[in-house]
Amino acid sequence: MRNLIFEEPRIRVNTNTTQSLNHAWERIRVPVVVPALHLAMYICIGMSIMLFLERIYMAIVIAGVKCFGRKRYTKYKLESVKEDLEKHKNYPMVLVQIPMFNEKEVYKLSIGAACGLSWPSDRLIVQVLDDSTNEVLRTLVDLECRKWLERGINVKYETRNNRNGYKAGALKEGLKKQYVDDCEFVVIFDADFQPDEDFLWRTIPYLLDNPELALVQARWKFVNADECLMTRLQEMSLDYHFSVEQEVGSSTCSFFGFNGTAGVWRIQAVNDAGGWKDRTTVEDMDLAVRASLKGWKFLFVGDLAVKNELPSTFKAYRFQQHRWSCGPANLFRKMMKEIMLCERVSIWKKFHLIYGFFFVRKIIAHWVTFFFYCVVIPATILVPEVHLTKPLAIYLPATITILNAACTPRSFHLLVFWILFENVMSLHRSKATIIGLLEANRVNEWVVTEKLGNMMKQKYSAKASKRPRSRIGERIHVLELLMGMYMLYCAIYNMLFGNDHFFVYLFLQAGAFFIVGVGYVGTFVPN
């Protein structure tokens, strides 16, 4: 009988997955990754320097304006124009437009504030442009308009059967009404804006005394800035926009982007520029650029503020930021050639429009924040062959940040939170900017920013109730979670193998991405 030899089976040890990945990484790191990362770093450094110089330039201009009292609107003789108006009773006809769409929480506030403006009632028309799809809400808005009509205010309630052109379409249709022919100026307030009663007296005289002026823009005052941490951080960003960017544009070139609300337009200038167009989601900026190319001038009145509401839910804020980032990039693509070939404006103004207004502030600012501070700098930790000096990695962004935060001194202690949150939001803004430049999907997406009005006050004043449930799909944001894992990996790698303390920032930034990624930011409201 044949001897049976029993042998232990040999166990084949498969190659360790981690070792395979490490081997592949070592093979491509030097010939591929290092040159690509070097190129990305140099591009980001160049963009960072451009943004830094732009911020320094604006800081110098603002310092000069404040030190020498050279704010442009203070040069005009406002009081003499007011006295002339009251003496001769030659009040111009003014149209107030309030575009709205399903604004159930704020429609009474906006209509009431507009109807309460101090101006002769026979020289004022309040036009409510309601595109609401809720028939019950339309009835309520109509009743509110009738209530003010009975009080002697000339209120016109206008509706459409479609939403063609969204806000631009509604404003355009409103200007076509026969009763608008006698109006000389048009004031625009979004549905959550509540102007003080003397708003017209503090804006219209500028236009009467200066026929070259097309627009007088007021700043915004946020009624719910203290509602949550997210609204406080928004206030910091928008305060810089109004206190610096708008003021610099008004003082140097008589140009800045119209904010879409809280402004007074000369109707002649609107028509001269070609009227409202719906080719982008920033119809306000589109009109402002075209009017500027026609030679019209703008004035920003920094000491006139109009109360309004900041988006306090992350969903509403994210949609708003997509529109505000995608629209300008798309408009830049459409108008760059037109700006360059325009013969009615100076070379300096063209440079300001193309380089400062569009390229640096609307594109570079978002890309630097995301690609440099959230992608490239963390990547240099994994690739020791690429060295980044501290002045470029720390001092430049620190200077830019301090200049921004200086406009909101009451929130200076929130500076670290502002940095982390802005870095997270730069992910959405950079993506939206690329979509706008390439005219990809969602380029014309228009989602009305949700307003809560008094709803949150009523909620908190009521008896304590359970936190409203929300669908898990609405709370989870995959891109933020992926970025959080990337930053966390870089932080752990730096803590184990690095010789600096950069992992402190990376851990904090990873935490910010994770917090936003699970939707734990802003306020929570019932669906």
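Since this is a predicted model, take the numbers as computed values, not measurements.

> Sorry if this is basic, but what is going on with the pairing of strand S1 (residues 94-100) here?
Within a regular strand, the side chains alternate between the two sheet faces. In terms of burial, S1 is a largely internal element, seven of the seven residues being buried. Neither face of S1 is open: one carries Val94, Val96, Ile98 and Met100, the other Leu95, Gln97 and Pro99, and all of them are buried. Looking at chain direction, S1 and strand S2 (residues 124-130) are connected through seven bridges and run parallel. Paired with Ile98 across the bridge in S2 is Val128. After leaving S1, the chain enters helix H3 (residues 107-115) and then returns to the sheet as S2, a path that is right-handed.

> I tried to follow a nonpolar patch on the surface on my own but got confused; where do I start?
A contiguous nonpolar patch, built from Ile476, Val478, Leu479, Leu482, Met485, Ile515, Val518 and Tyr520 and spanning about 710 Å² of accessible area, is present on the exposed surface. In terms of residue count, the dominant contributor to the nonpolar patch is helix H16 (residues 478-497) (four residues). Take Tyr520: it is sitting in the segment after helix H17 (503-517).

> Can you help me understand the nonpolar core in this one?
A general feature of soluble globular proteins is that nonpolar side chains tend to end up buried together. Among the nonpolar cores identified, the biggest contains 95 residues, and Phe199, Trp265 and Val289 are the most heavily contacted of them. With seven residues, the top contributor of residues to this core is strand S5 (residues 213-222). Apart from residues no more than four positions distant in its own chain, Phe199 is found in contact with Leu117, Val187, Phe189, Ala218, Ala262, Val264, Leu304 and Val306.

> Honestly, the side chain of Arg55 in this entry has me stumped. Any pointers?
With respect to the element layout, Arg55 can be found in helix H1 (residues 17-67). Of the side chains bearing the opposite charge, Glu245 lies closest to the buried Arg55, which forms no salt bridge; the N-O distance is 4.1 Å. Among all residues touching Arg55, those that are not within four sequence positions of it are Tyr240, Glu245, Ile400 and Leu403.

> Quick question: what am I supposed to make of unusual backbone geometry here?
Excluding glycine, residues mostly have negative phi values, and the peptide bonds linking residues are mostly trans. Of note in the backbone geometry, Asn102 takes a positive phi value of approximately 50° without being a glycine. On the secondary structure map, Asn102 appears in the loop between S1 and H3. Looking at Asn102, the relative accessible area reads 29%, which means it is partly exposed. The phi torsion at Ala262 lies on the positive side, around 60°, for a residue other than glycine.

> Please explain the UniProt feature "transmembrane region" (unreviewed entry) in the chain as it appears in this structure.
With numbering matched to this structure, UniProt assigns "transmembrane region" (unreviewed entry) to residues 39-65, 363-382, 394-421, 476-496 and 502-525. Overall, residues 363-382 shows 100% helix and 0% strand. The separation of its end C-alpha atoms is 28 Å. Helix makes up 90% of residues 476-496 and strand 0%, whereas the separation of the span's terminal C-alpha atoms amounts to 30 Å.

> How do you make sense of the sheet that holds strand S7 (residues 297-308) when you look at a structure like this?
The strands that make up a sheet pair up through hydrogen bonds in the backbone, lying either parallel or antiparallel. A sheet is described by the order of its strands in space; here seven strands give the open sequence S3-S2-S1-S4-S6-S5-S7, paired in mixed fashion. Each edge of the open sheet carries a strand with a single partner, namely strand S3 (155-159) and S7. Taken pair by pair, the neighbouring strands of this sheet meet at an average axis angle of 20°, ignoring direction.

> When you look at the pattern of salt bridges in this model, what are you seeing that I'm missing?
Working definition: two side chains of opposite charge can pair if their charged atoms are close together. Evaluated as defined, the whole model comprises 20 salt bridges. In this structure, Arg361 engages Glu54 in a salt bridge whose closest nitrogen and oxygen atoms are separated by 3.1 Å. On the criterion of sequence distance, the pair formed by Arg361 in helix H11 (residues 347-382) and Glu54 in helix H1 is long-range, its members being 307 residues apart. With respect to class, Arg361 is no different from Glu54; both count as buried. One continuous salt-bridge network, built from bridges that share partners, spans Asp226, Arg232, Glu235 and Arg410.

> What is the right way to look at the UniProt feature "domain: Glycosyltransferase 2-like" (unreviewed entry) in the chain in this model?
With numbering matched to this structure, UniProt assigns "domain: Glycosyltransferase 2-like" (unreviewed entry) to residues 186-379. For residues 186-379, helix accounts for 56% and strand for 15%, while the C-alpha atoms at its two ends are 52 Å apart.

> What is the right way to look at the environment of Gly356 in this model?
For Gly356, the location among the structural elements is in helix H11. By relative accessible area, Gly356 is classed as buried at 4%. Sequence-wise, Gly356 and Leu51 are 305 residues apart; in three dimensions their C-alpha atoms are separated by 9.2 Å. Once residues lying within four places of it in the same chain are set aside, the contact partners of Gly356 are Glu54, Phe351 and Arg361.

> Explain H11 to me, please; I cannot follow it from the model alone.
The α-helix advances 3.6 residues per turn, and as a result positions three or four apart in sequence lie on the same side. Under the 1.5 Å per step criterion, the end-to-end length of H11 is only 45 Å for 36 residues, more than 12% shorter than the ideal 52 Å. Maximal helix bending in H11 amounts to about 45°, located at Val360.

> Sorry if this is basic, but what is going on with the confidence of the model for the chain here?
For residues with low pLDDT, the predicted coordinates do not support detailed interpretation. Here the chain averages 88 in pLDDT, and 91% of its residues register 70 or above. The model gives residues 1-9 a pLDDT under 50, and that stretch makes zero contacts with residues more than four places away or in other chains. Contacts from residues 456-468, a stretch scored under 50 in pLDDT, to residues over four places away or in other chains number 12 contacts.

> What should I look at first to understand the packing of helix H10 (residues 314-341) against H11 in this one?
How two helices pack is summed up by the angle between their axes together with the distance between the axes. Two elements in contact, H10 and H11, have axes whose closest approach is 10 Å; the angle formed by their N-to-C orientations is 155°. With respect to H11, the element H10 is oriented roughly antiparallel. Seen from above, H10 lies across H11 with left-handed handedness. Facing Ser325, Pro328, Leu331, Phe332, Met336, Ile339, Met340 and Leu341 of H10, the residues of H11 in contact are Lys350, Leu353, Ile354, Phe358, Phe359, Lys362, Ile363 and His366. Grouping the constituent residues of the contact of H10 with H11 by class yields 12 nonpolar, two polar and two charged.

Rules used throughout
Residues numbered from 1 in each chain as written. Predicted model: local features only at pLDDT ≥ 70, side-chain atom pairs only at ≥ 80, totals over all residues. Heavy atoms only, no water. Buried < 20%, exposed > 50% of the residue type's maximum accessible area, 1.4 Å probe, protein only. Helix = DSSP H or I, 4+ residues; strand = E, 2+ residues; numbered from the N terminus. Pairing = 2+ DSSP bridges. Right-handed = clockwise from strand over helix to strand, strands pointing away. Patch = residues over 30% accessible without salt bridge, like charges linked within 9 Å, V, L, I, M, F, W, Y side chains within 5 Å. Areas by Shrake-Rupley, 256 points an atom, 1.4 Å probe, with all protein chains shown as cover. Salt bridge = Lys/Arg side-chain N within 4 Å of Asp/Glu carboxyl O. Core = buried A, V, L, I, M, F, W, Y, C linked by side-chain atoms within 4.5 Å. Contact = heavy atoms within 4.5 Å. Lys, Arg positive; Asp, Glu negative; His and termini not counted. UniProt positions renumbered as here; feature names shortened; annotations may be inferred. Axes fitted to C-alpha atoms, helices over the stretch in contact; angles between N-to-C directions. Expected span 1.5 Å × (residues − 1). Bend = angle between axes of the 7 residues up to and from the residue. pLDDT = per-residue confidence, 0-100. Parallel < 35°, antiparallel > 145°, perpendicular 65-115°, else oblique. Left-handed = near helix turned anticlockwise from the far one by under 90°. Nonpolar A, V, L, I, M, F, W, Y, C, P; charged D, E, K, R; others polar.

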